[in-house]
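# Topology and contacts: notes
Now for the letters of each chain:
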Amino acid sequence: MAVKDRDRFSTATRIRLLGEQTAARVYRSQTKRQARRSRLTGRAALLALVLCSLVVALAYPIRQYVSQRADVADMQRQKEEAAKRVEQLRDLKARWQDDAYAEQQIRQRLHYVMPGETGYVVIDPDAAKQSRTELGAADRPWYTNIWDGVDKADAADH
């Protein structure tokens with residue numbers, strides 16, 4: 001037993017034991033790295049490649065589909081607006097078929113009067129003043145009016 005104890009405490013034995021322990025640690029760390037690397041297998045890489053290809057292949061058609069759905073919704077909205085406008089025009093046409101409505105509109109818009117009635121036209125005093133100023137411009141030569149217009153436009157910038 002004395003030889004065994006002495007062998008146990010010898011430097012060579014300790015170095016050999018230390019080397020074996022270090023080799024065991026290195027071997028364990030390498031197997032752990034290999035286990036981590038082996039998680040991404042060829043099958044997983046192929047699956048990822050197929051999924052990416054599908055995403056790229058379907059991106060454009062899906063974008064087109066969404067765009068066309070928006071166009072269809074816009075067309076539906078325009079169709080509804082056109083139907084409302086057609087209904088309004090039908091109502092207006094039906095009103096114009098009524099003689100009383102047509103007579104009222106003719107009197108109002110064209111200032112017609114029935115025989116025996118007296119028609120009056122009220123003139124806005126501001127409109128009369130404006131027309132007088134325009135008459136003064138008609139008495140001058142055309143180039144003077146143009147030059148005044150240029151001066152007024154220049155004065156408006158300041």
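Residues numbered from 1 in each chain as written. Predicted model: local features only at pLDDT ≥ 70, side-chain atom pairs only at ≥ 80, totals over all residues. Heavy atoms only, no water.

Attention now goes to the overall build of the protein chain. In terms of regular secondary structure, the protein chain is built from six helices and zero strands. Along the chain direction, N to C, the helices and strands of the protein chain fall in the order α-α-α-α-α-α. Expressed as a percentage of its 158 residues, the buried residues of the protein chain come to 3%. Carbon and sulfur atoms make up 59% of the accessible area of the protein chain, which totals about 15,100 Å². (Helix = DSSP H or I, 4+ residues; strand = E, 2+ residues; numbered from the N terminus. Buried < 20%, exposed > 50% of the residue type's maximum accessible area, 1.4 Å probe, protein only. Areas by Shrake-Rupley, 256 points an atom, 1.4 Å probe, with all protein chains shown as cover.)

Residues other than glycine seldom take positive phi values, yet His111 does so here, at roughly 60 degrees. Its place among the elements puts His111 in the loop between helix H4 (99–110) and helix H5 (125–139).

For the pair helix H3 (residues 42–97) and H4, interaxial distance at closest approach is 5 Å and the crossing angle is 90 degrees. The angle between H3 and H4 falls in the class roughly perpendicular. Between H3, through Leu92, Arg95, Trp96 and Gln97, and H4, the contact on the second element is made entirely by Asp99, Tyr101, Ala102, Gln105 and Arg109. Of the residues belonging to the contact of H3 with H4, the class tally is four nonpolar, two polar and three charged. (Axes fitted to C-alpha atoms, helices over the stretch in contact; angles between N-to-C directions. Parallel < 35°, antiparallel > 145°, perpendicular 65-115°, else oblique. Contact = heavy atoms within 4.5 Å. Nonpolar A, V, L, I, M, F, W, Y, C, P; charged D, E, K, R; others polar.)

The subject of this paragraph is the pattern of salt bridges. Under the counting rule described, the total for this entry stands at five salt bridges. Linked by salt bridges that have partners in common, Asp74, Arg77 and Glu81 make up one network. (Salt bridge = Lys/Arg side-chain N within 4 Å of Asp/Glu carboxyl O.)

We now examine the side chain of Gln105. Along the chain, Gln105 falls in helix H4. Sequence-distant contacts of Gln105, that is, excluding residues within four places in its chain, are made with Trp96 and Leu110.

Low pLDDT means the predicted coordinates in that region are not meant to be read closely. Residues of the protein chain with pLDDT of at least 70 account for 79%, and the chain-wide mean is 83. When the elements of the protein chain are averaged for pLDDT, helix H1 (residues 2–8) gives the smallest value, 56, and H3 the largest, 94. (pLDDT = per-residue confidence, 0-100.)

The relative placement of two aromatic rings is captured by the distance of their centres and the angle of their planes. Under the defined criterion, the tally for this structure stands at two aromatic pairs. Ring centres of Trp96 and Tyr101 lie 5.4 Å apart, and the angle between their planes is 80 degrees; this geometry places the pair in the edge-to-face category. In this structure Trp96 comes out as partly exposed when scored by relative accessible area, which is 34%. Summarising the aromatic geometry, the rings of Trp142 and Tyr143 are spaced 5.8 Å apart at their centres and angled 80 degrees between planes, so their arrangement reads as edge-to-face. (Phe/Tyr/Trp six-rings, centres within 6.5 Å; stacked < 30°, edge-to-face > 60°.)

An ideal rise of 1.5 Å per residue puts 16 Å on twelve residues; H4 measures up with 16 Å between its terminal C-alpha atoms. All buried positions along H4 are accounted for by Tyr101, Ala102 and Gln105. Axial view of H4: buried residues confined to an arc of 95 degrees, hence all on one face. Set apart from the buried face of H4 by more than 90 degrees, the exposed residues are Asp99 and Ala100. Looking at the buried side of H4, the elements it contacts are H3. One or two positions beyond H4, positive phi appears at His111, with a value near 60 degrees. (Expected span 1.5 Å × (residues − 1). Arc of directions from axis to C-beta.)

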